[in-house]
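# Structural overview for review
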Amino acid sequence: MTDGFVYEARPMRVVFGAGSTAVLPAEAERLGMRRALVLSTPQQRGLATRVAALLGERAAGVFDGARMHVPVETVAAAEAAVAEADADGCVAVGGGSTVGLGKALALRRGLPVLALPTTYAGSEMTPIWGLTENAEKRTGRDPAVLPRSVVYDPDLTMTLPAAVSVTSGINALAHAVEALYAPDGSPVVAAMAERGVRDLANALPLLAADPGDRAGRRAALCGAWLCGACLGATTMGLHHKLCHVLGGMFDLPHAETHAIVLPHVAAHNLPTAPEADAALRRALDTDDVPAALADLTALATRLGAPGSLRELGVAEDDLPRVADEVLARPYANPLPVGRRDLLGLLHAAHRGGTP
Ligand code: NAD
């Protein structure tokens, strides 16, 4: 087929709106959950407890042990909590780490997941799971891990600190940027990506100025939903590959790493992806996409987020090792990247700033 595409709609139900957490009991009932285990990180236990209270008789307890990168030990502890509570489903309240734990339970126990995202990572929209064992993260795709229902309540994001809101928002932007030049893109994905980028680009400066800006919160979460759906529908390229390798090698914070690397990958890839570049120019209202993305990263650094791989603690001497690891395994990209270009890109991200 020439210039064709395949698009597979995911069977996702989305409830969106300020105050939508109130529909949780009805959503749980729709899914046939009678004893739901509420999942969270230790930091979000208070919210998880309120969610359990709202679920009333349909709540079987709270498991607040969710951690970054879904360690197998955490999954084992959550499985024990499922067994003890005789849970028939789980409600994941939080960011990518908590949703990731819900997905692991779906994978290993066949439990349905209801997600209430509180960051912009977008995991709730994807069939991608991850599990970390012996310091190695395995990932895979399985439609069984897709949450059955996602309740997006911007009120739950009001507590996300300004700097984290911006870096998490750039993490979402990265999904849309790479979806726009993905080998399995389609008009549906392109439309979602462009709208998602526009929403986030409008929202992030508002949230940097005032994390309590309600219109900004709504637009950012809507953008995160659409960008997450792009991630779920396509194959990611150089940017996600780089962040995965960097994160795995140096145990770096997820959203911050994305925010630092994205402008540099955009500067490298977009000249070879003119349609993606045009869509991003429209969405960001700019004629220099990498510079506009770097401006968003600078918003986060002004709020205290790290602005370079150096500030994240990556040694310059380690960059060749990162390049070798990226080159060792194939990934989708508009054009293959050679070692010299890759090292140049890594050095630019190590210095930080506009590409
Ligand atoms: P996270 O879930 O680790 O959350 C970061 C911290 O912020 C946690 O301490 C959490 O409790 C806190 N937090 C979350 N929401 C908050 C809020 N509203 N107010 C105050 N604090 C809040 O971080 P993340 O960036 O959302 O997710 C990163 C993880 O998700 C990574 O492990 C990444 O690999 C994974 N991920 C997976 C996919 C996928 O498709 N499988 C997609 C994106 C990210």
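Within each chain, residue numbers correspond to sequence positions counted from 1 in written order. Only residues with pLDDT of at least 70 get local features here, since the model is predicted, and only at 80 or more are side-chain atom pairs given and counted; chain-wide, interface and lining totals rely on the full set of residues. For side-chain calculations, the full set of non-hydrogen atoms in the structure is used, while hydrogens and water are omitted.

## Some details on the pattern of salt bridges
Threshold: Salt-bridge detection follows one rule: a side-chain nitrogen of Lys or Arg within 4 Å of a carboxyl oxygen of Asp or Glu. Helix and strand assignments come from DSSP, with helices taken as H or I runs of at least 4 residues and strands as E runs of at least 2, each series counted from the N terminus. Buried residues are those whose accessible area, probed at 1.4 Å on protein chains only, stays under 20% of the maximum for their type, while exposed residues exceed 50% and partly exposed ones sit between those limits.
According to the stated counting rule, one finds twelve salt bridges in the structure shown. When the shortest N-O distance is used, the salt bridge between Arg13 and Glu27 registers 2.8 Å. Of the two residues, Arg13 sits in strand β1 (residues 13–16) while Glu27 sits in helix α1 (residues 24–30), which places them 14 residues apart along the sequence. The closest approach of N and O atoms between Asp318 and Arg321, which form a salt bridge, is 3.5 Å. We classify Asp318 as partly exposed; its relative accessible area is 21%.

## With respect to the side chain of Thr157
Using the following cut-off: In what follows, residue pairs with any heavy atoms lying within 4.5 Å of each other are defined as contacts.
Note on placement: Thr157 falls in the loop between β8 (149–152) and α5 (162–180). Sequence-distant contacts of Thr157, defined by excluding residues within four places in its chain, comprise Thr118, Tyr120, Arg217 and Leu221.

## Comments concerning the side chain of His239
Relative to the helices and strands, His239 is located in helix α8 (residues 238–250). When its relative accessible area of 0% is taken as the criterion, His239 is described as buried. With near-sequence residues (within four places) excluded, His239 lies in contact with Ala174, Glu178, His258, Val261, Leu262 and Val265.

## What about the site of the ligand?
In plain terms, the rule: Summary of the distance rule: residues count as near a molecule or strand when at least one heavy atom falls within 4 Å of that molecule or strand. Accessible areas in this description were obtained via Shrake-Rupley with a 1.4 Å probe; residue shielding takes into account the shown protein chains only. Each residue gets one label: Ala, Val, Leu, Ile, Met, Phe, Trp, Tyr, Cys and Pro are nonpolar, Asp, Glu, Lys and Arg are charged, and the others, such as Gly, are polar.
The local shell around the ligand holds 22 residues, among which Thr41, Ser97, Thr118, Thr119 and Thr126 are the closest. Relative to its unbound accessible surface of 860 Å², the ligand loses 82% to contact with the protein. No other element matches the three residues that helix α4 (residues 96–109) contributes to the shell around the ligand. Across the shell around the ligand, the residue classes tally to six nonpolar, 14 polar and two charged.

## Side note on unusual backbone geometry
We note that His69 has phi near 70°; this positive angle belongs to a residue other than glycine. Within the secondary structure, His69 is located in the loop between β3 (59–63) and α3 (72–85). Of note in the backbone geometry, Asp86 takes a positive phi value of approximately 55° without being a glycine. By the element assignment, Asp86 lies in the loop between α3 and β4 (89–94).

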